[in-house]
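Here's the letter readout for the chains.
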Amino acid sequence: MRQFENKVAVITGGSSGIGKATALALANMGAAIVIASRNNTTGEQVVENIKATGGKAVFVKTDVSEEVQVKNLIEKTLKTFGRLDLAFNNAGIEQTPMPLPEQTEALYQQVMDINVKGVWLCLKHQIPAMLKSGGGSIVNTSSFSGIIAFATIPIYVASKHAVVGLTKAVALEYARNNIRVNVILPGSVENTGTFDRSFGDNQASIEWAKSIHPIGRLATPEEIANAVVFMLSDKSGFLTGHSMVVDGGYTAG
Ligand code: NAD
């Protein structure tokens, strides 16, 4: 039997990058997948990829910063697959670097609404659903910016620190209910919307991004997915409230 056979997983931001790689990995190991993101076209494509290899998947268009849409996501999950066992709360956006005085209240609101409120809303609606079937495992996405800072992106840095705090508090609340909550903190990851929007095809910047990681390159989405899959699986049964840094050694220095 495959490792995630009969398990149902919700993956926010599952239409591209790290979320897509994790969706494909979990589907390959037997999980039924619910892809939630704002982008219909790419979300449906991931669903088709999974179905083409014999897996089960649906797409639910969701803006994680809107409670009514997150509620709908979990209701549709239960209606379609009957249960919820796993969640990867991964949807997020970056902040364009700029001097502090130029940063607007609207920008602050947008980054915090998606990166922090979005994760909080997902936890709020996923946990009651998981409790109904006896427990579950959740991973949230922070960043190496969740434990260190970079100048000119303070809102993003604050939002990713907040995801670590949310993870720990909810992990403590549900530790006796067979629900584990952990957080992944990736370094820079190639082939993702985040990286492509931040660095484009500026080769000098890309080489700089590689060079700041002691390993000397960027992560692949699949390398991040492997760590997420471990934290979602029963193999990490004693792990909760944990921050797993996957950054090629960046924060070791
Ligand atoms: P990505 O842009 O490919 O993926 C982000 C996903 O989030 C997309 O599917 C997008 O549709 C979705 N999304 C954005 N806003 C949303 C909203 N309001 N509601 C629902 N979905 C929404 O980039 P990625 O790098 O794969 O990003 C995944 C996560 O990883 C993000 O939280 C990001 O901050 C984090 N991260 C990325 C890197 C990196 O270098 N790529 C490093 C550290 C952390």
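See the structure shown above.
Below or above, wherever it landed, is the structure these notes cover. (Residues numbered from 1 in each chain as written. Predicted model: local features only at pLDDT ≥ 70, side-chain atom pairs only at ≥ 80, totals over all residues. Heavy atoms only, no water.)

Looking at the site of the ligand
Phase 1 of the analysis: Inspection of the region around the ligand gives 28 residues, with Ser16, Ile18, Val189, Gly193 and Thr194 positioned closest.
Phase 2 of the analysis: Take Asp63: an N or O atom from its side chain is 2.9 Å from a nitrogen atom of the ligand.
Phase 3 of the analysis: When isolated, the ligand has an accessible area of 810 Å², and the protein chains bury 95% of it.
Phase 4 of the analysis: Placement of the ligand is best described as lying within the largest pocket.
Phase 5 of the analysis: If you list the elements that add at least two residues to the shell around the ligand, you get helix H1 (17–28), helix H5 (154–174) and helix H6 (193–199).
Phase 6 of the analysis: For the shell around the ligand, the leading source of residues is H6, giving 3 residues. (Near = heavy atom within 4 Å. Polar contact = N/O pair within 3.5 Å; in protein donor to acceptor, adjacent residues only side chain to side chain. Areas by Shrake-Rupley, 256 points an atom, 1.4 Å probe, with all protein chains shown as cover. 1 Å grid on protein atoms, 1.4 Å probe; cavity = no way out; pocket = protein on both sides within 12 Å on 5 of 7 lines; lining within 4 Å. Sits in = over half its atoms within 2 Å of the grid points. Helix = DSSP H or I, 4+ residues; strand = E, 2+ residues; numbered from the N terminus.)

Regarding the pairing of strand E2 (residues 32–37)
Phase 1 of the analysis: Burial runs high along E2: 6 of the 6 residues are buried.
Phase 2 of the analysis: As paired elements, strand E1 (residues 8–12) and E2 share 5 bridges and run parallel to each other. Residue Val8 lies in a different strand from E2, and its bridge partner there is Ala32.
Phase 3 of the analysis: Examined bridge by bridge, E2 and strand E3 (residues 57–61) share 5 bridges and lie parallel to one another. Following the sheet pairing, Ala36 is matched in E3 by Val60.
Phase 4 of the analysis: In this region the chain leaves E2, passes through helix H2 (residues 40–52) and returns to the parallel neighbour E3; the handedness of that crossover is right-handed. (Buried < 20%, exposed > 50% of the residue type's maximum accessible area, 1.4 Å probe, protein only. Pairing = 2+ DSSP bridges. Right-handed = clockwise from strand over helix to strand, strands pointing away.)

Examining the packing of aromatic side chains
Phase 1 of the analysis: Summed over all chains, the structure comprises 4 aromatic pairs.
Phase 2 of the analysis: Taken together, a centroid distance of 5.2 Å and an interplanar angle of 55 degrees make the contact between Phe144 and Phe150 tilted.
Phase 3 of the analysis: Phe144 gets classed as buried once you look at its relative accessible area, which sits at 6%.
Phase 4 of the analysis: Ring geometry for Phe150 against Tyr250: centres 5.8 Å apart, planes inclined by 40 degrees, an arrangement best described as tilted. Residue Phe150 is found in the loop between strand E5 (136–141) and H5, and its partner Tyr250 is found in the segment after strand E7 (243–246); the two are separated by 100 residues along the sequence.
Phase 5 of the analysis: One aromatic cluster is present, built from ring pairs that chain together Phe144, Phe150 and Tyr250. (Phe/Tyr/Trp six-rings, centres within 6.5 Å; stacked < 30°, edge-to-face > 60°.)

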